[in-house]
Amino acid sequence: MIKFFLMVNKQGQTRLSKYYEHVDINKRTLLETEVIKSCLSRSNEQCSFIEYKDFKLIYRQYAALFIVVGVNDTENEMAIYEFIHNFVEVLDEYFSRVSELDVSFSTTVLHSTRHRVKPEAEPIDELPKTCSAGEPQEACCLTDDSFRGSVSTPIC
Amino acid sequence: MPAPIRLRELIRTIRTARTQAEEREMIQKECAAIRSSFREEDNTYRCRNVAKLLYMHMLGYPAHFGQLECLKLIASQKFTDKRIGYLGAMLLLDERQDVHLLMTNCIKNDLNHSTQFVQGLALCTLGCMGSSEMCRDLAGEVEKLLKTSNSYLRKKAALCAVHVIRKVPELMEMFLPATKNLLNEKNHGVLHTSVVLLTEMCERSPDMLAHFRKNEKLVPQLVRILKNLIMSGYSPEHDVSGISDPFLQVRILRLLRILGRNDDDSSEAMNDILAQVATNTETSKNVGNAILYETVLTIMDIKSESGLRVLAINILGRFLLNNDKNIRYVALTSLLKTVQTDHNAVQRHRSTIVDCLKDLDVSIKRRAMELSFALVNGNNIRGMMKELLYFLDSCEPEFKADCASGIFLAAEKYAPSKRWHIDTIMRVLTTAGSYVRDDAVPNLIQLITNSVEMHAYTVQRLYKAILGDYSQQPLVQVAAWCIGEYGDLLVSGQCEEEEPIQVTEDEVLDILESVLISNMSTSVTRGYALTAIMKLSTRFTCTVNRIKKVVSIYGSSIDVELQQRAVEYNALFKKYDHMRSALLERMPVMEKVTTNGPTEIVQTNGETEPAPLETKPPPSGPQPTSQANDLLDLLGGNDITPVIPTAPTSKPASAGGELLDLLGDINLTGAPATAPTPAPVPQISQPPFLLDGLSSQPLFNDIAAGIPSITAYSKNGLKIEFTFERSNTNPSVTVITIQASNSTELDMTDFVFQAAVPKTFQLQLLSPSSSIVPAFNTGTITQVIKVLNPQKQQLRMRIKLTYNHKGSAMQDLAEVNNFPPQSWQ
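Residues numbered from 1 in each chain as written. Chains lettered and ligands numbered in written order. Predicted model: local features only at pLDDT ≥ 70, side-chain atom pairs only at ≥ 80, totals over all residues. Heavy atoms only, no water.

(A) Focus on the packing of aromatic side chains. Enumeration according to the criterion identifies 16 aromatic pairs over all chains in this entry. A centroid spacing of 5.9 Å and a plane angle of 40 degrees characterise the contact between A:Phe4 and A:Tyr19, whose relative ring orientation is tilted. One end of the pair, A:Phe4, is in strand E1 (residues 2-9); the other, A:Tyr19, is in strand E2 (residues 14-19), and 15 residues separate them in sequence. Judged by relative accessible area, A:Tyr19 falls into the buried class, the value being 9%. Their ring planes at 80 degrees and their centres at 6.2 Å tell us that A:Phe49 and A:Tyr81 sit as a pair that is edge-to-face. Of this pair, A:Phe49 sits in strand E3 (residues 49-52) while A:Tyr81 sits in helix H2 (residues 77-95), and the two are 32 residues apart along the sequence. Accessibility assignment for this pair places A:Phe49 and A:Tyr81 in one class, buried. Joined through ring pairs, the aromatic side chains of A:Phe4, A:Tyr19, A:Tyr52 and A:Phe55 make up one cluster. Here the basic side chain of A:Arg60 rests over the ring of A:Tyr81, its NZ or CZ set 4.1 Å away from the ring centre. It is B:Arg35 that lies over the ring of B:Phe65; its NZ or CZ is 4.8 Å from the centre. (Phe/Tyr/Trp six-rings, centres within 6.5 Å; stacked < 30°, edge-to-face > 60°. Helix = DSSP H or I, 4+ residues; strand = E, 2+ residues; numbered from the N terminus. Buried < 20%, exposed > 50% of the residue type's maximum accessible area, 1.4 Å probe, protein only. Lys NZ or Arg CZ within 6 Å of the ring centre and 35° of its normal.)

Dropping the structure here:
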């Protein structure tokens, strides 16, 4: 079961957050800073799964942006890892070469996309690259190149 | 009022803020503008304002005043309004707010809307934050939508149904008919969500699970879908790095796992497909590994055939050799889960696992450590211990405590020799001394007393260890205790195992005094040291005056504990000098308890206080002016204090219970028959209720007093014989030794013997020799039962046997009536 889904940048600013279980609003910022701290302290050779309190955190870094998903024990970590990448690929298609700037400015669109891709913490429908309700459906072919290089950091 | 700014403007403004305070200011200004706009009931800009509010909510600022506005947006006819409204509802509202019930009607209308996107929005929101009342009201609508032909709606309805079931489990049956056709869809989205729905139903209700297994033929359907996925060629819509819809594959595997658990037929049906997935999936990319991982988990959980299990473990072994950390972590986690059941298979990968201990990654190290402890057995103990000690040296502090406890446990179970055991423990104490758990100290002391022949060696090594450094408290405590006990061995220089060192009494006292004085010593450690010094007064010959001086100094110490001890010891020197040597005698060997947890140690005669093994202050420590009687009472009290039951924790004793006072007559302090009997008992007169001087008598008093043995139980190849002995000292006690033997061709494992006697008797079960009855009568399990029969009634006993034989658990009850009269008369 996914507990939360966060997109946080290296300075600790939250770009997107969705909690699937109720967490008090003051606790949320605390949680986010702690999570990003543990992710930042990892080096490249370490694995992407961290044990944090009673969750497991699965994170992936795309340039300056961290996407972190908190799950409980029953999830397949590697599937979630794939799912994160899939989500980013959907964004890439929608924004054509998405960057953190796009992410920060389009919160509503992001939420809708996330809902399409993962309402209620269950990944579905990720593969046809459909976007938020109301937009035309676009089924695109995937390219295989690694996504990491194409995310650009904001100018300021 | 000017038009409120757009969301993008707001975001841009906030980004220019350089400090947290600036940001807060901007947000407060904007919040105020939004609030006044809400008050004006402005329809055109409401959507924009709520969007901004949601952004601010995400940053962590309170946004509760927007909840009603969200409702108004939902009720509006424009799609853009509805969209933001529903999003706001999902983010801001939940069951706790009463406002959410107002949404129910809106959602109901929208569920029947003509546009599918609006219906989709409503389903999404209901599935996200619907409370149980809302779900109850709207479940019918959801169910209707589950049956439509529109796949877009169907998949959303399925997810919504999952949420409804979670909130209101009673509604599960309502969705059952709709699920019949769900798996016949072509659309992967619908397939995926249907599998999720089915998984949820199966997890929640065992009835549903049984239903799906038998009636719906779910397993063949799933197998068919999975096969299509694997066999089908490249399909651009569903492809992720060369594998077709891995997410669906993983979901199906998970559902298969639930269906196959504990069910032979289902497991049979899926054996082939699992083997196929396991062999055909490409492992070069993470996607393939994710699927393999799920497959391995499934194979482990269902009743798969052994070939498949071996395949699964080999896959995990391959993962371990992979360079990618994620995969190694995942492999270690799964191996940990399977090590109990497939121990041998995992042993093959032991060297790789031990290598992982040296990895840089903290999560991997932790997993590798746990797995290493699980893999330790009698054969590899020496090698493993070397690695583990090296790990203990170099690991992070958060691991040290766990590692130390694990090492102690493993050493206790599999130590090849006493000397090795003591060496290992010393090594742990010197490397990670401060992280060792508190209960390790008494365990260690018990271990040392039990290995009588190693006393000299031990005390020598401990002395050398604290010579250099006495900051690690557990080490110092153990050392102080040992030096106090065996100081005479130390100075006499008799040590067979090692080069004896020349130590004078003064040097020993020096070190103990420095421990006392040192700032690093805690008050517990100081207590140990003071008691040790006192004990040495009987063991050492020339330095008694020095000891007296030290003890009297501490009579005015600030620390109450120390002061009390010192004052009492002083009293010993002055008034009770005649008793001093008796009181400070060597401790007898302590009884070993075969539990895994912290052991409780029987306190026997020997000291004036139950310290140092208990850290609470001595019970009503007698004042120096008290009478001799008080001291004796204290001694007597000591002997009666908690006597632990000697049966291991896994065996509840009979209805008579493991009565402690039953055995007031029988020697409890005696070690198991193999260890040497304890040191001489003190010469003071003992109160009558004490053990009748049994401490030097062996446990079994009458060998072959001529009572015939009986066969108590003989069935299915298991035979249990009772042999009897009567206690010399107490005619009401009968000691029965049972011997269990097995004449079949397979061993019986996890053998547990339990007995019950009528109320007039009392029963105590001691620990058995082992829990496996080997086949073909090659060996037996021996266990001792003590029965107290004060009324000399005819002995009767009901016995219960549980064991595993030929893979199945067996249980039997029997009554034993054929006790020979000599055993109870």
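Back to the text.
(B) Representation of the pairing of E1(A) in the model. Residues and elements named next belong to chain A. Most of E1 is tucked away, with 8 of its 8 residues classed as buried. Of the strand pairs in this sheet, E1 and strand E5 (residues 65-71) are connected by 7 bridges, and their pairing is antiparallel. The residue bridging Ile-2 from the neighbouring strand is Val-71, located in E5. (Pairing = 2+ DSSP bridges.)

(C) Layout of the nonpolar core. The biggest cluster of nonpolar side chains holds 215 residues, and the ones touching the most others in it are A:Met7 and B:Leu259. With 11 residues, the single largest contributor to this core is helix H27 (residues 473-492) of chain B. Membership of the second largest hydrophobic core comes to 32 residues, among which are B:Val757, B:Ile781, B:Tyr803 and B:Val816. (Core = buried A, V, L, I, M, F, W, Y, C linked by side-chain atoms within 4.5 Å.)

(D) Examining helix H21 (residues 362-375) of chain B more closely. All names here are of chain B. With 14 residues, H21 should cover 20 Å at 1.5 Å per step; its first-to-last C-alpha distance of 20 Å lies within 8% of that length. With 10 of 14 residues buried, H21 is to be regarded as a mostly interior element. Among the residues of H21, Ser-363, Ile-364, Lys-365, Arg-367, Ala-368, Met-369, Leu-371, Ser-372, Phe-373 and Leu-375 are the ones counted as buried. N-capping of H21 is provided by Asp-361, with a side-chain oxygen placed 2.8 Å from the backbone N of Ser-363. (Expected span 1.5 Å × (residues − 1). Polar contact = N/O pair within 3.5 Å; in protein donor to acceptor, adjacent residues only side chain to side chain.)

(E) Representation of the pairing of strand E4 (residues 55-62) of chain A within the structure. Residues and elements named next belong to chain A. Burial analysis of E4 places 7 of its 8 residues in the buried class, the great majority of the element. Sheet topology note: the E3/E4 ladder contains 4 bridges and is antiparallel. Within E4, the residue paired with Glu-51 across the bridge is Lys-56. Between E3 and the antiparallel strand that follows it, E4, lie 2 residues; Lys-53 among them carries a positive phi value of about 50 degrees. With 7 bridges joining them, E4 and E5 adopt antiparallel strand pairing. Looking across to E5, one finds that Tyr-59 is bridged to Val-68. Linking two consecutive strands that pair antiparallel, namely E4 and E5, is a turn of 2 residues; a positive phi of about 50 degrees is found at Ala-63 within it.

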